[in-house]
Amino acid sequence: MKKIKKILQKGIHLLYGVEIDKIEFQATRKDFEGDITIVVFSFLKTIKGNPVEIGNNLGSYLVENVDEVVNFNVVKGFLNLVFSDTYFLTNFSEIYTSENFGFVSTTGDNKSVMVEYSSPNTNKPLHLGHIRNNLLGYSVAEIIKASGKKVYKTQIINDRGIHICKSMLAWQRYGNNETPENTGLKGDKLVGNYYVRFDQEYKKEILNLIANGYTEDEAKKQAPILLEAQQMLIKWEAGDSEVVKLWKNMNQWVYDGFEQTYKNLGVDFDKNYYESETYLLGKDVVANGLESGIFFKKEDSSVWIDLTDEGLDEKIVLRSDGTAVYMTQDIGTAIQRIKDYTDVGGLVYTVGNEQDYHFKVLFLILKKLGYNWAENLYHLSYGMVDLPSGKMKSREGTVVDADDLLIDMTNTAREISEELGKLEGYTDGEKESLYKTIGLGALKYHILKVDPKKRILFDPAASIDFNGNTGPFIQYTYARIQSILRKADFDYSATINDISLHPKEKSVLKQLALFPEIIQLAASNFSPAIIANYTYDLVKEYNSFYQSVPILGCENLQEKIFRTQLSRQVSEVIKSAFQLLGIDVPERM
RNA sequence: GGUGGCAUAGCUCAGCUGGAUAGAGCACCUGCCUUCUAAGCAGGCGGUCCUAGGUUCGAAUCCUAGUGCCAUCACCA
């Protein structure tokens, strides 16, 4: 492409005596003949004349002077160039023989990136919203890795605060010493139940107080159970051994439960941070910033930062009683991370778009504190997952539970597979693992294919599709290719360079060649959706090719070899692309 | 009210830094399993790209204003 650009510039100079440094190439649209299109319109400012005539002149010049260009045509102001089959075949053999096609290996020059995702509260189980968060964060981490940077995956566990005390208190009052062991419940589910229980009791007490003449606002503040929870938080901060013991116990239950869900979901972390361990550092930093004048203190001794010059408000960073707020601990956590990993030059936060403002402020504060890495902070902000009934609310029980959803998806995959009945010879264990691969593939693809910043409407009643633009469709194509490769019991390692290409082969080839730039594009946009949509297009092209021409049944050996190689390469790219999305591919289905 | 995001086919979504007649899937209707896996392929139906202006040879895409939905503007996290 660079070569053509150079020659074209030379040609323009020769024919018209002017210099043009910006020349744009684009893939030729399907309905026209050609491979690459140059838009002649954009030259009209420097070259006066009829665009069609200019196109014809430049086209002839290129055909004469560039070996790879064998033909051209001009439609209106569009110059379509036709490339030789040799060019495509050479291109393919480079792709076919390259190791990890499309992936850029990590080099020492690039600063590492830390990607934060998941970051749950430890008072309730994970739900569909967390699933989107986890899938996005995990996938973006994989994509950045593939684009050539070292990546650390991390989460911040929100293990302190009033919400934790609520579950603790309800368990103390109504728990009868229930444990995950003696109930058989997952730890996060057990704790979540008591969080809901707290809310029920709290609401009862409010109604009671209102009946006794309190206003609603008063009742909400004066309910005994809430006061008791607040007492508990104070005791926790003071290090009360009884409370801390209970806290550790119940948090551990939750961690064990999360562990299982993460494992089922197929995500992992290199390092966990706990809010209870970083908020103190945040407080120190605020104290220093107060001395250097970045923050200021109000009469009630709360500490603030003034961001009105940046078009934002004043924002609190420390309460009047000296305790930390959300912002305080986030400042501390960020700094702690760079301390722990000195090679990290930037942080990515996977957090819902309801916190856009928070992160804008956080990034500004860190910049004002003078950290050079503060230039490389990115809030991977994504839209909420809403149900037809509206927002999901844990306290009201209107959530789609993560574990339940994973089981549902596996069940659906099982039903469909059994109906199709293509798995003779598979053991029960192999089947179950396949159902999980397919079910999870459907769910993950369904969520990842949409642009992160858009909100998703999830209807549990209308089940996720397994046909069309879906994970299983792509997995199916992969499995089909594997089946061909299993049957290809001949040597297809030779390099093919002198056959004439079928249009369908050419389309597949063009789509394949895009993979490296797609990875870079997805990385710079932090968007798994770009990978998903690319893969879908590739698979569509391949299936069309598959149905139009024979592969193993091909009579010409050269063509047979080439088509087998092409199929294999497509399956490799599917596998790589799905790896970036955290989706497995099956050998059969 | 201030700020930010979103708005494309009945539904779910693509459409890259402006380019040709706006594309897929689902749903609905036709065809295709005697050949490498039909979770597939080929075709049909379906559009005021929210509205109105502007910039440009050219706008779904950029700018301005408006409308609608969502989020946010807490000594909650």
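Up top is the structure these notes are about.
Residues numbered from 1 in each chain as written. Chains lettered and ligands numbered in written order. Predicted model: local features only at pLDDT ≥ 70, side-chain atom pairs only at ≥ 80, totals over all residues. Heavy atoms only, no water.

On to helix 5 (residues 162–174). Here helix 5 spans 18 Å end to end across 13 residues, near enough to the 18 Å set by a 1.5 Å rise per residue. Considering only its buried residues, helix 5 is in contact with helix 7 (187–211), helix 9 (224–237) and helix 10 (241–265). After helix 5 finishes, the residue asparagine 176 shows a positive phi value of roughly 50°. (Helix = DSSP H or I, 4+ residues; strand = E, 2+ residues; numbered from the N terminus. Expected span 1.5 Å × (residues − 1). Contact = heavy atoms within 4.5 Å.)

Okay, the protein's contact with RNA strand B next. Inspection of the region around RNA strand B gives 61 residues, with Phe78, Asp300, Arg319, Lys422 and Tyr476 positioned closest. Near the protein, meaning within 4 Å, the atoms of RNA strand B are sugar or phosphate in a fraction of 62%, with bases accounting for the rest. Threonine 37 is positioned with one of its side-chain polar atoms (N or O) 2.9 Å from a base nitrogen of RNA strand B. For RNA strand B, a sugar or linking oxygen lies 3.2 Å from a polar atom in the backbone of asparagine 469. Counting only elements with at least two residues in the surface near RNA strand B, the list comes to strand 2 (36–39), strand 4 (78–83), helix 14 (402–420), helix 16 (471–487) and helix 19 (528–548). At seven residues, helix 16 tops the list of elements feeding residues into the surface near RNA strand B. Considered class by class, the residues forming the surface near RNA strand B number 26 nonpolar, 18 polar and 17 charged. (Near = heavy atom within 4 Å. Polar contact = N/O pair within 3.5 Å; in protein donor to acceptor, adjacent residues only side chain to side chain. Nonpolar A, V, L, I, M, F, W, Y, C, P; charged D, E, K, R; others polar.)

Before going further, it helps to examine the nonpolar core. Counting 144 residues, the largest nonpolar core has Phe43, Leu128, Ile131, Ile531 and Phe562 as the members making the most contacts within it. Here this core gathers at least three residues from each of two domains, domain 1 (2–83) and domain 2 (84–158 + 270–293 + 321–589). Non-local contacts of isoleucine 131, meaning those with residues more than four positions away in its chain, are made with Leu265, Ala402, Leu405, Leu443 and Ile447. By size, the runner-up hydrophobic cluster in this structure holds 36 residues, among which are Val317, Val361, Leu362 and Leu377. (Core = buried A, V, L, I, M, F, W, Y, C linked by side-chain atoms within 4.5 Å. Buried < 20%, exposed > 50% of the residue type's maximum accessible area, 1.4 Å probe, protein only. Domains from an automatic or database assignment.)

Looking now at the pairing of strand 9 (residues 303–306). With two bridges joining them, strand 8 (residues 296–297) and strand 9 adopt antiparallel strand pairing. What sits directly across from phenylalanine 296, in strand 9, is tryptophan 304. Between the end of strand 8 and the start of strand 9, which pair antiparallel, lie five residues, with serine 301 showing a positive phi angle near 70°. Looking at chain direction, strand 9 and strand 10 (residues 314–318) are connected through four bridges and run antiparallel. For tryptophan 304, the partnering residue across the bridge sits in strand 10 and is isoleucine 316. (Pairing = 2+ DSSP bridges.)

This part takes up the sheet that holds strand 3 (residues 69–75). Consider a sheet: its strands pair through backbone hydrogen bonds, and that pairing is either parallel or antiparallel. Ordered by their spatial adjacency, four strands build an open sheet running 1-2-4-3, and the pairing between neighbours is antiparallel. The sheet is open, and its two borders are formed by strand 1 (25–27) and strand 3, each paired with just one other strand. Recorded for the sheet is a direction-independent mean angle of 30° between the axes of neighbouring strands. In this sheet, strand 4 lies alongside strand 3 in antiparallel orientation, the contact comprising six bridges. Bridge pairing in strand 4 places valine 75 opposite phenylalanine 78. (Axes fitted to C-alpha atoms, helices over the stretch in contact; angles between N-to-C directions.)

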